[in-house]
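# Tertiary structure, described
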2 protein chains.
Amino acid sequence: MAEEHREYEYHNGSKFWDKWNDYIGEFVYGGIDGSVTTFAVVAGAAGANLDSSVVIILGFANLIADGFAMSVGSYLSNKSELERFEKHEQVEYWEVEHLPEKEREEVKEIYAAKGFEGELLEKVVDVITANKKRWVDVMMKEELGMIKEEKSPIKMGAVTFISFIVVGFIPLLVYVLDYLSSTKIEQPFLVAILLTSVAFMLIGWLKSSVNQTNPFRSIIETLMLGAFAAGLSFLVGDVLAKMF
Amino acid sequence: MAEEHREYEYHNGSKFWDKWNDYIGEFVYGGIDGSVTTFAVVAGAAGANLDSSVVIILGFANLIADGFAMSVGSYLSNKSELERFEKHEQVEYWEVEHLPEKEREEVKEIYAAKGFEGELLEKVVDVITANKKRWVDVMMKEELGMIKEEKSPIKMGAVTFISFIVVGFIPLLVYVLDYLSSTKIEQPFLVAILLTSVAFMLIGWLKSSVNQTNPFRSIIETLMLGAFAAGLSFLVGDVLAKMF
């Protein structure tokens, strides 16, 4: 009973979270993308024994260009999803207007599949088709399986940009500090690994709180993903540096 | 009439495309991501006058690490979306089982909002709540606004990886050819710009065919996005190279 009660509580609590879910999800993936991209440059340069100035130059070039491209990409993809919904909705309005018999038949089929029959089915179809907005709404959800997303394309793009730049800056931080301070930081690559690992763990924890899954599993999953990607980058840098 | 007929045709034709829409959309964004990321390294290195070998080393390190991270990210994000749906569905089943009166009331509210009333409303609620699968289905769509996505997380991840690597390799192609051939290619950066521009245009065209929007606008949009991102990268490389 306690377990079941908690499930029920979770469900109702999550309705609040669902409002923010899309944006926090976008922050999580933007942050992972930013830190992996920048850390790939850092790790590749370390694997190839390239100079710290190369790390800073290409790290920032990548951070800004990719952060910009990702956020515009997120904006465009969310906008085209919205436009696709609106286009289909417009066509359904057209169909309801010009082919009402066919569309009425479709509503009938949808509600017959829900178990309605005979006179009751006819009455249900009458009520649904009495109002065009309601009629189109049924066709969108039941025929096309499309529900209008509440997320704003411009906000999604902004969230991507901020998380990409902020989290993506973390692997570069130590190189910038090293350059600015009078005393040299020893083994900057190790410090960068440490800081980036902490960032991955925080993102993993944030991801689990959005998806309401096990935080431990989510932290390990994100950390391993980042470590594996960075390891690949280091290896490729190391191998190619020996070839070229 | 001709215009309207075309709209109707579009709508029916698009039901076929919708099956592939998610995967082609994923291919488009994976491809943009891959080519922008790699081209950012190329442009940043060109802006900073770095050696071609640095371009190849960091370009590949980034291509492989980021391609891997993006595809795992896409897999995880689609998987958690699916899990979120299943978790909510499970809770709705629990609620229908343990709080049937409350859930019946919710179905009644949903159908009252659709314009049903009196005896007909009661009969509709009877039919909906007579079958638990149907009942939960109504709660998922109408109360939570959630529809189960048909896309497979593992296929989405695979599509991202392939498009990221294939399209992302294009900006590096000329540097690899330059290294492998006995005759030097003059101005490899210019050739890379040309090839990457063609790739952006093809992606823009593909995007418009998925979204059924104006191909010309889509091509220009994608090309400008890529050009602006690459320009930023070149500029950052150039400015930082003068500082460090």
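Residues numbered from 1 in each chain as written. Chains lettered and ligands numbered in written order. Predicted model: local features only at pLDDT ≥ 70, side-chain atom pairs only at ≥ 80, totals over all residues. Heavy atoms only, no water.

For chain A, the helix and strand inventory stands at eight helices and zero strands. Shown N-terminal to C-terminal, the secondary structure of chain A runs as helices and strands in the order α-α-α-α-α-α-α-α. For 244 residues, the compact-globule estimate of 2.2 N^0.38 gives 18 Å, and the C-alpha radius of gyration of chain A, at 26 Å, exceeds that figure by more than 25%. Along the longest, intermediate and shortest principal axes, the C-alpha atoms of chain A span 85 × 50 × 30 Å. For chain A, the proportion of its 244 residues judged to be buried stands at 50%. Within chain A, residue pairs in contact and separated by at least 24 positions form 73% of the contacts whose partners lie at least 6 positions apart. Accessible surface, chain A: about 11,500 Å² in total, of which carbon and sulfur atoms supply 64%. The centroid of the 22 positive side-chain charges in chain A is displaced by 3 Å from the centroid of its 35 negative side-chain charges. (Helix = DSSP H or I, 4+ residues; strand = E, 2+ residues; numbered from the N terminus. Rg over C-alpha atoms; globule rule 2.2 N^0.38 Å. Buried < 20%, exposed > 50% of the residue type's maximum accessible area, 1.4 Å probe, protein only. Contact = heavy atoms within 4.5 Å. Areas by Shrake-Rupley, 256 points an atom, 1.4 Å probe, with all protein chains shown as cover. Lys, Arg positive; Asp, Glu negative; His and termini not counted. Charge placed at Lys NZ, Arg CZ, Asp CG, Glu CD.)

Taken together, the contact pairs 90 residues of chain B with 89 residues of chain A. Overall, the association of chain B and chain A removes approximately 7,700 Å² of surface from exposure, summing both partners, and the carbon and sulfur fraction of that is 68%. Taken together, the connections running from chain B to chain A amount to two salt bridges. A salt bridge links A:Lys141 to B:Glu142; the nearest nitrogen and oxygen atoms lie 3.0 Å apart. Our count for the contact surface shared by chain B and chain A stands at nine residue pairs in polar contact (both at pLDDT 80 or more). Taken together, the elements giving at least two residues each to the side of chain B that touches chain A come down to α1 (2-47), α2 (52-98), α3 (100-113), α4 (118-129), α5 (132-143), α7 (188-211) and α8 (215-243) of chain B. (Buried area = accessible area lost by both parts, 1.4 Å probe. Salt bridge = Lys/Arg side-chain N within 4 Å of Asp/Glu carboxyl O. Polar contact = N/O pair within 3.5 Å; in protein donor to acceptor, adjacent residues only side chain to side chain.)

What follows covers the UniProt feature "transmembrane region" (unreviewed entry) in chain A. Residue and element names in this part refer to chain A. Per the UniProt annotation, the sites labelled "transmembrane region" (unreviewed entry) are residues 27-48, 54-77, 156-177, 189-206 and 218-241. In residues 54-77, the share of helix is 100% and the share of strand is 0%. The end C-alpha atoms are 33 Å apart. Helix and strand shares over residues 156-177 are 100% and 0% respectively, and the end C-alpha atoms of the span are 31 Å apart. (UniProt positions renumbered as here; feature names shortened; annotations may be inferred.)

Domains assigned within chain A are domain 1 (20-78 + 152-243) and domain 2 (86-143). Taking only C-alpha atoms, the centre of domain 1 of chain A and the centre of domain 2 of chain A are 49 Å apart. (Domains from an automatic or database assignment.)

As a further point, take α3(B). Its 14 residues place the ends of α3(B) 20 Å apart at the C-alpha level, agreeing with the 20 Å of an ideal helix rising 1.5 Å per residue. Within α3(B) the residues assigned to the buried category are B:Glu103, B:Glu106, B:Val107, B:Ile110 and B:Tyr111. Burial along α3(B) is one-sided: seen end-on, the buried residues are contained in an arc of 130 degrees. The exposed set on the far side of α3(B), more than 90 degrees from its buried face, consists of B:Glu101, B:Glu109 and B:Ala113. Looking at the buried side of α3(B), the elements it contacts are α3 (100-113) of chain A together with α2, α4 and α5 of chain B. Just downstream of α3(B), B:Gly115 is the residue with a positive phi angle, here 105 degrees. (Expected span 1.5 Å × (residues − 1). Arc of directions from axis to C-beta.)

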